[in-house]
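# Observations on the three-dimensional arrangement
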Amino acid sequence: MNQRYIYQMKRHKLFWGLLMALMVQMLMTACNDDESFTTSPSNLLTFETDTLRLDTTFSKVPTATKTFWVYNYSGSGIRCADIRLESGNQTGFRVNVDGVYLGPSVGYQLHDVEIRKNDSIRVFVEMTSVMQQADEPQKIEDNLVFTLESGVQQKVNLNAFSWDAEFLQDVVIHGDSTIHTTKPIVIYGNLTVDSMATLTIGAGTTLYFHNNAGLNVYGRLLCKGTAENNVVLRGDRIDRMFNYLPYDRVSGQWRGIHIYESSYDNVIEYTDIHSPYDGIECDSADVTKMKLRLVNSTIHNCQGFGFEGRNCKLEILNCQISNTLANCATFVGGDIFINNSTFAQFYPFEGERGPALSFDNYYPLKNLTCLNSLITGYADDVLMGNKRKVKKGETEKEFNYLFDHCVIRTPKVETDDSIYFTNVIYEDVKDTTRGSWKHFVKIDTKNLIYDFRLDSISTAIGVADPKTVLPTDRNALPRDDEEPDAGAYEYVKN
């Protein structure tokens, strides 16, 4: 092996040795940079928000968890001497910092929390408050304090509103009782009216039903709202799914009202029922006795049926039944009288939604009379009548119905069945300038806000029969004496 070759080998070894030493030094320098933490007061953390607002919650009920990020863009590592709630455990806030809970095991504060340069940590916050001893929601707040090794303190304000409520769990009403209060009442399990009892719910009362809770009526239910102070039956989520969307606008929040076979003479007036699974379900009963009078009321945004009546006697007056996954209203036999009501099928979550109104004679349909009403929706045909075929050996069941002075989104009836449709305006599905949604003041499918009062271009204006129309509308406004409107609402000029 010649000297030149040996010399070249030594040069290569020296080169690679120097290169490796340089790389190790660079890595050590980088590690040292990553491991260094500044105590300069000019180096600060950056917070995703300076105020974290939790939603309104009932006292003793946890809020949903919200989060925010803490970033270190200062150019050097920062060590927090401690992170703590300013009021300790006195306000009901609970905080988790990057997986570590600020609880009693750590004295409600964390020490020596390191955030390297260009790194971040995530903070999770929820709150459960004690009773506030007040009628209105009360603001609860605290500060999450980050004390840096430099001595600088940085704070994020945490706040929420807590609302005192009365909580009922699987309550059975055995005797005549009245619920009349402006204080929220939250129902867990079910609220059941026994067969020998009457439950009266007074004007201005709101019942909040927890998930899968409902109102079971074996006796009698009287919801006695007024135009100024409706009874409200709704879900108990008073927080938000998204910033723009309260849970109250989402269907399926509670189970709804079930009126059983033994129940008669129920009256629900000036009542707002919204966001249940099924709105009202009425079991088969004696059709000679009044099952339910639904007056000046709303059933809206149901994940199942809006109203389901099976072989019973019903009156529906000045009512809005709208936006359901299944049928807005369905009547299986019975004796039904409807006047000045709006059936509007604009359920936003599913294309295969049911019709606005359907009826059949599985049980004898002794009578279905629908006067001065508006029946509409997205589909080209939102009215479904089904006369069941008579099987051999069976007797044909009654199938009696009449629609008079109504506006209906359905193909024009040209057959012998036209005797059942008198003075009816059939919506032209090709007329996009007067599309079904343009009957109404607002159809906002993005924010799930619906206002089913009539807009100025609605064909329902002025078509009701002055002889049979109800004197006032859903909101107790007087109807026009000469040219009243079809549907639950009388048009009001702005």
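You'll find the structure just up there.
Residues numbered from 1 in each chain as written. Predicted model: local features only at pLDDT ≥ 70, side-chain atom pairs only at ≥ 80, totals over all residues. Heavy atoms only, no water.

## Some words on the packing of aromatic side chains
Here is the rule: In this analysis, rings of Phe, Tyr and Trp, with Trp reduced to its six-membered ring, are considered paired at centre separations within 6.5 Å, and the interplanar angle assigns stacked below 30 degrees, edge-to-face beyond 60, and tilted for intermediate values. Think of it this way: any DSSP run of H or I at least four residues long counts as a helix, any run of E at least two long counts as a strand, and we number them from the N terminus. Summary of the burial criterion: residues with accessible area below 20% of their type's maximum are buried, those above 50% are exposed, and those between are partly exposed, where the area comes from a 1.4 Å probe applied to protein chains only. Counted as over-ring charges are cases with an Arg CZ or a Lys NZ within 6 Å of the ring centre that also lie within 35 degrees of the ring normal.
The full count for this structure, using the stated rule, is 27 aromatic pairs. Between Phe359 and Tyr401 the ring centres are 4.9 Å apart and the planes differ by 50 degrees, which places this aromatic pair in the tilted class. In this pair, Phe359 is assigned in strand S33 (residues 357–371) and Tyr401 in strand S36 (residues 399–404), connecting sequence segments 42 residues apart. A residue is classified by how much of its surface remains accessible, and Phe359, at 4% relative accessible area, is buried. Overall, Tyr401 belongs to the buried group, its relative accessible area being 10%. Each member of the aromatic cluster is reached from another via a ring pair, and the members are Phe359, Phe399, Tyr401, Phe403, Tyr420, Phe421 and Tyr426. The cationic tip of Lys289 hangs over the ring face of Tyr264; the distance from NZ or CZ to the ring centre is 4.0 Å.

## Some details on the sheet that holds strand S1 (residues 46–47)
Cut-off, in case you're wondering: Think of it this way: DSSP has to see at least two bridges between two strands before they count as a pair.
One open sheet accounts for 5 strands, arranged S1-S4-S9-S6-S7; its pairing is antiparallel. A single partner strand is all that each edge strand has here, and the edge strands are S1 and strand S7 (100–101). Pairing of S1 with strand S4 (residues 66–71) involves 2 bridges; the strand directions are antiparallel. Across the sheet, the residue bridging to Thr46 is Tyr71, located in S4.

## Quick look at the state of the cysteines
What counts, and what does not: By definition, disulfides here are pairs of cysteine sulfur atoms that lie within 2.5 Å.
With the rule as written, the count across this model stands at 0 disulfides. Distance from the sulfur of Cys223, which forms no disulfide, to the nearest cysteine sulfur (Cys319) is 12 Å. No disulfide involves Cys319; its nearest neighbouring cysteine sulfur is the one of Cys370, lying 12 Å away. The class for Cys319 is buried, based on a relative accessible area of 0%.

## A few points about the side chain of Asn230
Cut-off, in case you're wondering: Within 3.5 Å is the distance limit for a polar contact, defined as a pair of N or O atoms, with the added protein rule that one can donate a hydrogen and the other accept it, and that residues adjacent in sequence qualify only through two side-chain atoms.
Looking at where Asn230 falls in the secondary structure, it is placed in the loop between strand S18 (220–224) and strand S19 (231–235). A distance of 2.8 Å separates a polar atom in the side chain of Asn230 from the backbone oxygen of Thr226.

## Structural notes on the nonpolar core
As a reminder of what qualifies: Side-chain atoms within 4.5 Å link the members of a nonpolar core, which is a set of buried Ala, Val, Leu, Ile, Met, Phe, Trp, Tyr and Cys residues. Should any heavy atoms of two residues lie within 4.5 Å, those residues are considered in contact.
Core analysis: the largest hydrophobic core is formed by 60 residues, its most contacted members being Ile257, Ile280, Phe307, Phe331, Phe359 and Phe403. Here Phe331 is in contact with Phe307, Gly309, Leu314, Ile316, Ile336, Ile338, Leu357, Ser358, Phe359, Asp360 and Leu368, once residues within four sequence places are set aside. Membership of the second largest hydrophobic core comes to 28 residues, among which are Cys80, Leu102, Met127 and Ile140.

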